[in-house]
Amino acid sequence: MSQLVRAEGIILHSLRHGETSRIVTVFTRDLGKVGIIAKGARSKRGRVGAALEPFSRSAFLYYHKVTREIQLLKEVSLLDSHAGLRNKLPHLTVASALSELCYLTLKDGDPHPDIYDILDESLKALDAAPANPLPLLWKFELGLFAALGFALSLNRCSQCGKELQPPFVGRVGFRFESGAFFGPECARERTETNGTLSTETFAALAFMSSHPMAMALKLSLPDSECRELQSFLGKYLSFHLPVRARLKSLSALDWEEKDREKNI
Ligand SMILES: [Zn+2]
């Protein structure tokens with residue numbers, strides 16, 4: 001028996017199927033990730049086509065059958081195409097990274113309205129074409145870590161309990177397993193840290209975690225701290241979930257970075 005389901009969702013992935021159909025992976029707000037086949041979708045242009053493009057937010061009506069891996073689309077209507085983010089490569093790359101992170105870290109049928117709302121907010125912010133879209137990816141990753149149960153503990157030193165208030169003299173230590181941070185003195189005494197961050201990189205992390213997205217977007221970091229932050233977040237994610245290595249969109253970002261270095 002199949003059941004008719006109505007759900008709002010964001011397209012994470014879209015694939016051609018056969019001559020005329022399309023299979024999309026939709027991150028629905030209330031029902032989690034779901035695979036849906038849209039039969040004959042490729043012969044329909046205009047709003048139906050746009051409603052099934054990656055990053056689009058759409059309203060779905062589909063037949064759901066528990067025993068089936070891919071559900072069957074009845075109707076779809078476009079709510080927001082996020083046209084603004086499609087014009088610039090860096091913004092498109094960050095949007096792809098966000099979608100890919102959701103695609104690879106979420107399980108089918110496991111609802112995460114908290115992550116859905118951050119994704120929706122991030123895509124809207126990308127539409128406005130901020131000068132530097134990278135802080136959106138970092139802010140999103142912090143939200144993703146928290147929603148998946150491995151939030152970073154940025155407020156207090158996990159050794160002595162003192163409040164962590166940059167700037168510091170010296171580097172801040174961290175442990176991947178617990179998401180814990182240690183002030184420079186405790187980090188020097190401790191031997192079992194996984195590594196250290198510069199005071200500027202730690203300050204950027206703490207700022208992003210305690211400020212709304214619009215403020216986080218104003219963050220401006222020197223290139224070396226940018227790389228340190230990017231690398232820390234990537235390693236932390238792959239410690240907890242073995243996905244980062246497979247993020248195609250992010251290797252595109254790395255490639256851009258290397259390319260920029262070559263041009264200097
Ligand atoms: Zn301490």
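Residues numbered from 1 in each chain as written. Predicted model: local features only at pLDDT ≥ 70, side-chain atom pairs only at ≥ 80, totals over all residues. Heavy atoms only, no water.

Ranked by internal contacts, the top residues of the largest apolar core, which has 57 residues, are Leu119, Trp138, Phe140, Leu152, Phe181, Leu205 and Phe232. Among the elements that line this core, the one with the most residues is helix H4 (residues 134-147), at 8 residues. The two domains that each donate at least three residues to this core are domain 1 (3-81) and domain 2 (90-263). Leave out the neighbours within four places in its chain, and Leu119 touches Ile10, Leu12, Phe27, Leu98, Cys102 and Phe140. Core analysis: the next-biggest nonpolar cluster, separate from the first, contains 16 residues, Val5, Ile11, Leu73 and Val76 among them. (Core = buried A, V, L, I, M, F, W, Y, C linked by side-chain atoms within 4.5 Å. Buried < 20%, exposed > 50% of the residue type's maximum accessible area, 1.4 Å probe, protein only. Helix = DSSP H or I, 4+ residues; strand = E, 2+ residues; numbered from the N terminus. Domains from an automatic or database assignment. Contact = heavy atoms within 4.5 Å.)

Reading around the circumference, E1-E2-E3-E5-E4 is the order of the 5 strands in this closed barrel, with mixed pairing throughout. The average angle at which neighbouring strand axes cross in this sheet is 50 degrees, direction not considered. Sheet contacts for helix H2 (residues 89-105): strand E1 (3-17), strand E2 (21-28) and strand E3 (32-38); angle to E1, the most-contacted strand, approximately 115 degrees. The sheet strands contacting helix H3 (residues 113-127) are E1, E2, strand E4 (57-64) and strand E5 (70-80), and the helix crosses E1 at an angle near 55 degrees. (Pairing = 2+ DSSP bridges. Axes fitted to C-alpha atoms, helices over the stretch in contact; angles between N-to-C directions.)

This next bit is on the sheet that holds strand E6 (residues 153-157). In space, the 4 strands of this open sheet follow the order E6-E8-E7-E9, with mixed pairing throughout. Across the chains shown, the open sheet's two edge strands, defined by having one partner strand only, are E6 and strand E9 (195-197). Geometrically, the sheet is characterised by an average inter-axis angle of 40 degrees between neighbouring strands, direction not taken into account. In this sheet, strand E8 (residues 180-182) lies alongside strand E7 (residues 172-175) in antiparallel orientation, the contact comprising 3 bridges. Residue pairing across strands places Phe174 opposite Phe181, the latter belonging to E8. Taken strand by strand, helix H6 (residues 199-210) contacts E6, E7, E8 and E9, and its axis lies near 120 degrees from that of E6.

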